[in-house]
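An overview of the molecular structure
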Amino acid sequence: MPTKIIVIGGGPGGYVAALRAAALGGNVTLIEKENLGGTCLNWGCIPSKIMKNTADIFLNFLKAENFGITLKGNVQPDMPALMEKKNKILDTQRKGIAALLQKNKIVLEQGRAVIKSSGLVDVMVEDGSKKELVYDKLIIATGTKPLNVLDFPFDHQHILSSNDILQLSEIPESIIIVGGGVIGCEFAFIFSAMGSRVTIVEAMSRLLPLPSVDEDISKLLLREMKKRKISVLCDTIVKSADINTDIVSVHLGVSPFTDNSRPKKLKTLVLDSQKLAVCIGRTPLSADLGLDQIGLDTSPQGWIEVDEHMETSVPGVYAIGDILGPQRIMLAHVASHEGMIAAQNAMGEKDVMSYEAVPGAIFTMPEIGTVGLSEAEAKKKGYDVQAFSVNFRTLGKAQAIDELAGTAKMIVEKESNKILGVHLIGAHATDLIAEATLAIQKGLSAGDIAHTIHAHPTLAEIMGELSLKACGTPIHG
Ligand code: FAD
């Protein structure tokens, strides 16, 4: 008899796990309570990148003269048209996933899954009916929802979650974004490009305060925000917010969380804005899942713990993706990879999930691509390191496309010249990071990349220049 696998959650973790388990001969059922594609497709990666693409195109129109184009008449973004385009793309993508499931003979159950007991899951269907399903192995991929903060809760009109932002029918005249992390910074550039007055409030001392993002990247990003007149208030928190007709009054305070030893005095204690966007975290979707029925504990916040095989403390029950929380890496491609590992192990293999070469792609302006250790992390781990930087403006292609801002940094182990980390901020950095990811995955040295011929004129030459510099033989950089 084929192994009966139930996957709960149809996001990039769950649907990929289902496909892999089916390919290995499993009898697979996928349970999804909303739309296929999860946060990534419906409320995250894809809709935000559709908006970012429109913002990029709009900015290019505004600087048309730089490209030798004379524009006559008015150019402006059209939010309803953008939302329509976005919805069409999401619909196509969802249908694509449904077709893949069907082709691979995966049964899709539409409803909310609740674990009933060991080996049994109930599906609560919207019409009030209930279906009982049997499993040999269970994969939990239920993800998260936006974190609602009690001091300034979402009203979905003025105080917005990231879901609300992705459904706006008008460009706000002004927007305050709480959280200078990945999502907050991406939205800041999108709305600033579209004409909003944007302020970011960040509790830590720098933008993108993540160990995996090199501090030099944060500095350059701040410079780019200043160029675009985005106000950035670091070491600052939002304490509360009042809504007065169509204005949100946001009360600020000095951050108790900052890593800055000299937190600054605030210039202003109240800021008014048309919208307040809250981008400071996610809540796990584990509370109503019935985990207690199989004796599966979570952290106090509700995150699920797994071992290196993606298996929970309950044998035969796996968990993947964002439901594992910030202890792992909350990215779509990580969820998918964990999904493949979990599915393979559920089907009898003993594979291990490695997080050593996970690329990070941040869609700011310019974009950011990171992989491996930052300089600070490498030093903390005891490596004797050297770091090298090359500016994007040294590339012919960067000049040709008028995308001069940006820098690339490579961190290598001094003795072996082995690449430990690559951190790019510049045009198309999110695509360029793929080469560095392969280099780190394969344990390559800067010399290996330097001996690889890079096509001219391309932005990919940045990796060649960087590696040549790390080998002590720079050409242009
Ligand atoms: P999810 O995608 O959240 O999917 C979980 C699914 O489980 C959901 O469909 C949910 O409805 C379903 N579910 C939950 N409970 C139940 C239940 N009881 N029964 C049945 N179904 C259930 N990541 C990137 O890598 N790149 C990006 O550019 C990027 N941009 C982002 C932008 C934004 C604004 C946001 C919010 C996130 C972004 N992310 C990005 C993160 C990415 O979306 C997540 O890492 C990814 O979606 C996690 O996948 P997952 O499968 O673990 O969970």
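Residues numbered from 1 in each chain as written. Predicted model: local features only at pLDDT ≥ 70, side-chain atom pairs only at ≥ 80, totals over all residues. Heavy atoms only, no water.

Let us look at the overall build of the protein. Check the secondary structure of the protein and you find 13 helices and 23 strands. The C-alpha radius of gyration computed for the protein amounts to 24 Å, which stays within 12% of the reference 23 Å derived for 477 residues, consistent with globular compactness. Along the longest, intermediate and shortest principal axes, the C-alpha atoms of the protein span 65 × 60 × 50 Å. Considering the protein as a whole, with its 477 residues, one finds that 50% of them fall into the buried category. The contacts in the protein between residues at least 6 apart in sequence include a share of 63% that link residues at least 24 apart. Just so you have it, the protein exposes about 22600 Å², and 52% of that area is on carbon and sulfur atoms. Each charge sign in the protein was given a centre, from 47 positive and 54 negative side chains, and these centres are 3 Å apart. (Helix = DSSP H or I, 4+ residues; strand = E, 2+ residues; numbered from the N terminus. Rg over C-alpha atoms; globule rule 2.2 N^0.38 Å. Buried < 20%, exposed > 50% of the residue type's maximum accessible area, 1.4 Å probe, protein only. Contact = heavy atoms within 4.5 Å. Areas by Shrake-Rupley, 256 points an atom, 1.4 Å probe, with all protein chains shown as cover. Lys, Arg positive; Asp, Glu negative; His and termini not counted. Charge placed at Lys NZ, Arg CZ, Asp CG, Glu CD.)

To continue, consider unusual backbone geometry. It is generally the case that most residues other than glycine have a negative phi and that most peptide bonds are trans. Residue P366 is reached from M365 by a cis peptide bond, and omega for that bond is 5°. Here P366 is to be found in the loop between strand 19 (360–362) and strand 20 (368–372). One non-glycine residue, H428, lies in positive phi territory at about 60°. Tracing the sequence through the fold places H428 in the loop between strand 23 (419–425) and helix 11 (429–441). Look at H428 and you get partly exposed, because its relative accessible area is 42%.

Taken domain by domain, the protein consists of domain 1 (4–146 + 283–346), domain 2 (159–280) and domain 3 (360–470). Relative placement of domain 2 and domain 3: their C-alpha centres are 28 Å apart. At the interface, 18 residues of domain 2 touch 19 residues of domain 3. At the boundary of domain 2 with domain 3, total buried surface from both sides reaches about 1500 Å², with 69% on carbon and sulfur atoms. Counting the contacts that link domain 2 with domain 3 gives 2 salt bridges. The partner of K409 in a salt bridge is D214, with the nearest N and O atoms 2.8 Å apart. Across the domain 2-domain 3 interface, the total number found is 6 residue pairs in polar contact (both at pLDDT 80 or more). At the level of elements, helix 6 (182–194) and helix 7 (215–227) are the ones that each hand at least two residues to the side of domain 2 that touches domain 3. Of the residues in the side of domain 2 that touches domain 3, the class split is 11 nonpolar, 1 polar and 6 charged. (Domains from an automatic or database assignment. Buried area = accessible area lost by both parts, 1.4 Å probe. Salt bridge = Lys/Arg side-chain N within 4 Å of Asp/Glu carboxyl O. Polar contact = N/O pair within 3.5 Å; in protein donor to acceptor, adjacent residues only side chain to side chain. Nonpolar A, V, L, I, M, F, W, Y, C, P; charged D, E, K, R; others polar.)

This brings us to the sheet that holds strand 19. Read across the sheet, 5 strands follow the order 19-20-23-22-21 without closing on themselves; strand pairing throughout is antiparallel. Only two strands of the sheet have a single partner each, and these edge strands are strand 19 and strand 21 (385–391). The mean inter-strand angle of the sheet, taken between neighbouring strand axes irrespective of direction, is 10°. In this structure, strand 21 lies alongside strand 22 (residues 407–413), joined through 7 bridges in antiparallel fashion. Within strand 22, the position partnered with V390 by the bridge is A408. (Pairing = 2+ DSSP bridges. Axes fitted to C-alpha atoms, helices over the stretch in contact; angles between N-to-C directions.)

We now examine helix 11. Across its 13 residues, helix 11 extends 18 Å between first and last C-alpha, which sits within 8% of the 18 Å expected from 1.5 Å per residue. Considering bend angle alone, the principal kink of helix 11 is centred on E435 and spans about 25°. Those residues of helix 11 lying buried are A429, T430, L432, I433, A436, T437, A439 and I440. Tucked into the core, helix 11 has its buried residues touching strand 19, strand 20, strand 23, helix 12 (446–450) and helix 13 (461–470). Immediately downstream of helix 11, the backbone of G443 shows phi near 65°, a positive value. (Expected span 1.5 Å × (residues − 1). Bend = angle between axes of the 7 residues up to and from the residue.)

For the pair helix 3 (residues 45–62) and helix 4 (residues 79–103), the least separation of the axes is 10 Å and the interaxial angle reads 140°. One finds that helix 3 runs oblique with respect to helix 4. Two packed elements cross with a definite hand, and for helix 3 against helix 4 that hand is right-handed. Across the interface between the two elements, I46, P47, I50, M51 and T54 from helix 3 touch M79, L82, M83, K85, K86, I89 and L90 from helix 4. Of the residues in the contact of helix 3 with helix 4, the class split is 9 nonpolar, 1 polar and 2 charged. (Parallel < 35°, antiparallel > 145°, perpendicular 65-115°, else oblique. Left-handed = near helix turned anticlockwise from the far one by under 90°.)

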